[in-house]
Amino acid sequence: MDFVFLGTGAGIPAKARNVSAIALELLEERGAVWLFDCGEATQHQILRTPVKPRRIEKIFITHLHGDHIFGLPGFLSSRSFQGGTEELIIYGPAGIEEFVLTSLRVSGTHVLYPLQFVEVTEGVVFEDETFIVTAMPLDHGIFCLGYRIVEKDRPGVLLVDKLRSEGIKPGPLFKRLKNGEDVQLEDGRILSGKNYLGEPQKGRVITILGDTRPCGAVDILAENADYLVHEATFSEKDVKIAHDYYHSTTVQAAEAASRAGVKQLILTHISSRYLADDIIQLRNEAAAVFPETMIAEDLLSVKIPLN
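Cut-offs used in this document
- Residues numbered from 1 in each chain as written.
- Predicted model: local features only at pLDDT ≥ 70, side-chain atom pairs only at ≥ 80, totals over all residues.
- Heavy atoms only, no water.
- Phe/Tyr/Trp six-rings, centres within 6.5 Å; stacked < 30°, edge-to-face > 60°.
- Helix = DSSP H or I, 4+ residues; strand = E, 2+ residues; numbered from the N terminus.
- Buried < 20%, exposed > 50% of the residue type's maximum accessible area, 1.4 Å probe, protein only.
- Lys NZ or Arg CZ within 6 Å of the ring centre and 35° of its normal.
- Contact = heavy atoms within 4.5 Å.
- Expected span 1.5 Å × (residues − 1).
- Salt bridge = Lys/Arg side-chain N within 4 Å of Asp/Glu carboxyl O.
- Pairing = 2+ DSSP bridges.
- Axes fitted to C-alpha atoms, helices over the stretch in contact; angles between N-to-C directions.
- Core = buried A, V, L, I, M, F, W, Y, C linked by side-chain atoms within 4.5 Å.

Undergrad: How would you sum up the packing of aromatic side chains? Please name residues and give values.
TA: Following the criterion strictly, the structure yields 10 aromatic pairs and no others. The interplanar angle of 65° and the centroid separation of 5.3 Å between the aromatic rings of F60 and Y147 together place this pair among those described as edge-to-face. With a gap of 87 residues between them, F60 in strand β4 (residues 56-60) and Y147 in strand β9 (residues 145-151) connect regions that are remote in the sequence. Accessibility assignment for this pair places F60 and Y147 in one class, buried. Here the guanidinium or amino end of K162 rests over the ring plane of Y196, the centre of that ring lying 4.8 Å away.

The following block contains the structure:
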């Protein structure tokens, strides 16, 4: 489970930062990648990373401002040329389907895989046996969503040493026991899988927000998250500008992380007005409130450890 930050800038591309896109690699968990937003030139950024477009199975769009969606038509088209045949589902606010299908139709683009759309307002948007994703509206100039990705608790590790101490050799039975099944040995003994598993491993919680002013939905989505990815478009000294443009400051993001009890805060969506020398100051502003803070850079990869 890894983050790959494909674009960490706000509004327009800059030399150091492309516009918004984050890949959440779930290769061990489900052999797939989820993409959060797809700003202009996201597919160019992907070329500079190990992310495989054909593995992207879901795209979660936070809102319909151009710096979060203008990369979609090009990416969807290229995914066909790059061998993508599996279904791709796009989740997002009302209007995302119209935008994508109009772009593909007008440009005469035909994708070679099933493409589905899920209009998101609030609540559970996806759930299977391993993950549940919920969304809530934030406080931005247009309808904008934040997403909370919860990994369901995983079974405990197989107690191999205990099995070996009882004279049971590795083999196909181990897999069945790992799945919690009851198995019968050749000598007639019946083993219950639940007796050979360690404590369940607690799933991880990831919160990825779209653009927003401080609001109550942030606290709910981020509660006890392992990682909170929060926009920090402006420095605290520009708090009035942030409010006027429906964005957050570094300190406001740090305050949200502190209230929610998150483990790690990652700041992104940085305005191009701040140059490389300013980034240290931006981080220091946030870290003074919430020490476990980092500022994402384009192409940064962050491994999300098991709990």
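Undergrad: Can you lay out the environment of V4 for me, pointing to particular residues and giving the numbers?
TA: The topology assignment puts V4 in strand β1 (residues 2-7). A C-alpha to C-alpha distance of 9.7 Å links V4 and E297, two positions 293 residues apart in sequence. Setting aside its immediate chain neighbours within four residues, V4 contacts A21, I22, A23, E25, T49, V51, L300 and S301.

Undergrad: Please set out unusual backbone geometry residue by residue, giving values where relevant.
TA: Residues apart from glycine generally show negative phi values, whereas peptide bonds are mostly found in trans. Phi at H269 takes a positive value of approximately 60°, unusual for a residue other than glycine. Along the chain, H269 falls in the loop between β14 (264-268) and α11 (276-287). A relative accessible area of 4% means that H269 is categorised as buried.

Undergrad: Lay out α11 in plain terms, naming residues and giving numbers.
TA: Look at α11: 18 Å from first C-alpha to last across 12 residues, which is about the 16 Å you get at 1.5 Å a residue. Among all positions in α11, only I279, L282, E285, A286 and A287 are buried.

Undergrad: Give a description of the pattern of salt bridges that names residues and reports values.
TA: Tallied over the entire structure, the rule returns 15 salt bridges. Two residues, R30 and E57, come together in a salt bridge whose shortest N-O distance is 2.6 Å. Separated by 27 residues along the polypeptide, R30 in helix α1 (residues 27-30) and E57 in strand β4 bring together distant segments of the chain. Here R154 ties to E151 by a salt bridge, and the two come within 2.7 Å at their closest N and O atoms. For the pair R154 and E151, one class covers both residues: buried. One salt-bridge network, held together by shared partners, links E29, E151, R154 and R204.

Undergrad: Give me the sheet that holds β9: which residues, what numbers.
TA: Read across the open sheet, the 7 strands follow the order β7-β8-β9-β12-β13-β14-β15; overall the sheet is mixed. Each edge of the open sheet is held by one strand with a lone partner, namely β7 (123-127) and β15 (293-295). Strand-to-strand twist across the sheet, computed as the mean angle between neighbouring axes with direction ignored, equals 20°. Summarising the sheet, strand β13 (residues 227-231) and β14 pair through 5 bridges and their orientation is parallel. Opposite L228, over in β14, you have L265 as the bridge partner. Along the sheet, helix α10 (residues 250-260) contacts β13 and β14; its crossing angle with β14, the most-contacted strand, is approximately 155°.

Undergrad: So what's going on with the nonpolar core? Which residues, and what values?
TA: Nonpolar side chains in soluble globular proteins generally cluster together in the buried interior. Formed by 30 residues in total, the largest nonpolar core has its most connected members in L138, L228, V262, L265, L267 and I270. For this core, the element with the highest residue contribution is α10, accounting for 5 residues. Other than its neighbours up to four places away in sequence, L265 contacts L228, H230, A253, A254, A257, F290, E292, T293 and M294. Ranked by size, the runner-up nonpolar core spans 28 residues in total, among them F5, A135, L145 and Y227.

Undergrad: Outline the sheet that holds β1, supporting the account with residue identities and numerical values.
TA: Spatially, 7 strands are ordered β6-β5-β4-β3-β2-β1-β16 in an open sheet, and the strand pairing comes out mixed. If you trace the sheet from one side to the other, it starts and ends with β6 (115-119) and β16 (301-303), each paired once. Adjacent strand axes in the sheet meet at a mean angle of 20°, parallel and antiparallel pairs treated alike. Inspection of the sheet shows strand β3 (residues 32-36) paired to β4 by 4 bridges, in the parallel sense. In the strand pairing of β4, V33 is matched with I56. Helix α5 (residues 96-106) rests against β5 (88-92) and β6 of the sheet, and its axis sits at about 155° to β6.

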